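Tertiary structure, described
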Amino acid sequence: MALIQFSCVATGPFILFRETAERIFKEIGEPFFEEGAFSEEDLPGVLQRLDAAAETDRRKEAEYEAERERRMREGTWEEELNMKEREREEEEKRRYREDSIRLYQRIVPLQEMIRRAIKHEKPVMWRKL
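This part takes up the pairing of strand S1 (residues 3-8). Taken residue by residue, a regular strand's side chains alternate between the two faces of the sheet. Pairing of S1 with strand S2 (residues 11-17), which is carried by five bridges, proceeds in the antiparallel orientation. Counted as the bridge partner of Leu-3 is Phe-17 from S2. Counting the residues between successive antiparallel strands, the hairpin from S1 to S2 contains two residues.

Turning our attention to the environment of Ala-37. For Ala-37, the location among the structural elements is in strand S3 (residues 36-38). Sequence separation between Ala-37 and Gln-111 is 74 residues; the distance between their C-alpha atoms is 15 Å. The contact partners of Ala-37, leaving out residues within four places of it in the chain, are Val-124, Met-125 and Trp-126.

Strand order in this open sheet of four strands is S2-S1-S4-S3, and the pairing throughout is antiparallel. Every interior strand has two partners, whereas the edge strands, S2 and S3, have only one. Direction aside, the axes of adjacent strands within the sheet are offset by 20 degrees on average. The strands touched by helix H1 (residues 18-27) are S1, S2, S3 and strand S4 (124-128); relative to S2, the strand with the most contacts, the crossing angle is about 100 degrees.

Attention now moves to the side chain of Gln-5. Looking at the element boundaries, Gln-5 is found in strand S1. Ignoring sequence-local partners within four residues, the contact set of Gln-5 consists of Pro-13, Phe-14, Ile-15, Met-125, Trp-126, Arg-127 and Leu-129.

Next up on the list: unusual backbone geometry. The bulk of non-glycine residues show a negative phi, and the bulk of peptide bonds are trans. If you check the backbone angles, Glu-121 has positive phi at about 55 degrees while not being a glycine. Relative to the assigned elements, Glu-121 resides in the loop between helix H5 (108-120) and S4. Residue Glu-121 is classed as exposed on the basis of its relative accessible area, which comes to 60%.

This brings us to the environment of Arg-106. Relative to the elements of secondary structure, Arg-106 occurs in helix H4 (residues 103-106). A relative accessible area of 18% places Arg-106 in the buried class. Sequence separation between Arg-106 and Asp-57 is 49 residues, and the spatial gap between their C-alpha atoms is 11 Å.

Judged by side-chain charge, Glu-40, Glu-41, Asp-42 and Glu-121 come together as a negatively charged surface patch. Along the chain, Asp-42 falls in the loop between S3 and helix H2 (43-74). The exposure class assigned to Asp-42 is partly exposed, which follows from its relative accessible area of 42%.

The rules behind each value
- Residues numbered from 1 in each chain as written.
- Predicted model: local features only at pLDDT ≥ 70, side-chain atom pairs only at ≥ 80, totals over all residues.
- Heavy atoms only, no water.
- Pairing = 2+ DSSP bridges.
- Helix = DSSP H or I, 4+ residues; strand = E, 2+ residues; numbered from the N terminus.
- Contact = heavy atoms within 4.5 Å.
- Axes fitted to C-alpha atoms, helices over the stretch in contact; angles between N-to-C directions.
- Buried < 20%, exposed > 50% of the residue type's maximum accessible area, 1.4 Å probe, protein only.
- Patch = residues over 30% accessible without salt bridge, like charges linked within 9 Å, V, L, I, M, F, W, Y side chains within 5 Å.
- Areas by Shrake-Rupley, 256 points an atom, 1.4 Å probe, with all protein chains shown as cover.
- Salt bridge = Lys/Arg side-chain N within 4 Å of Asp/Glu carboxyl O.
- Lys, Arg positive; Asp, Glu negative; His and termini not counted.
- Charge placed at Lys NZ, Arg CZ, Asp CG, Glu CD.

Shown next, in the form of structure tokens:
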């Protein structure tokens, strides 16, 4: 698995798996290259799209949880037990998959880096390690 390092003179660097970086770029509508930079002028728009992607992901998670709760309340006791067992099995599988950490959680370091870069008027760069 390739790694991508994000850096900015206003902050310390951080590293993401390439697949995670690609997913983030896809969500904000940016093409992904193994090396690149966001200029200081571009950062407010990038941050706005990151914030929107995070909010969308949070909303999806909340909708999933609300639907799960609705199914639990409307089902029989036996259906509830079966559902809980399936969820336990899924949770065990999910523990070792990337999806176990939501997108909105994964983009926090980039959001914070961009906020500081905006404050100090510095670009954000990335490169393959």
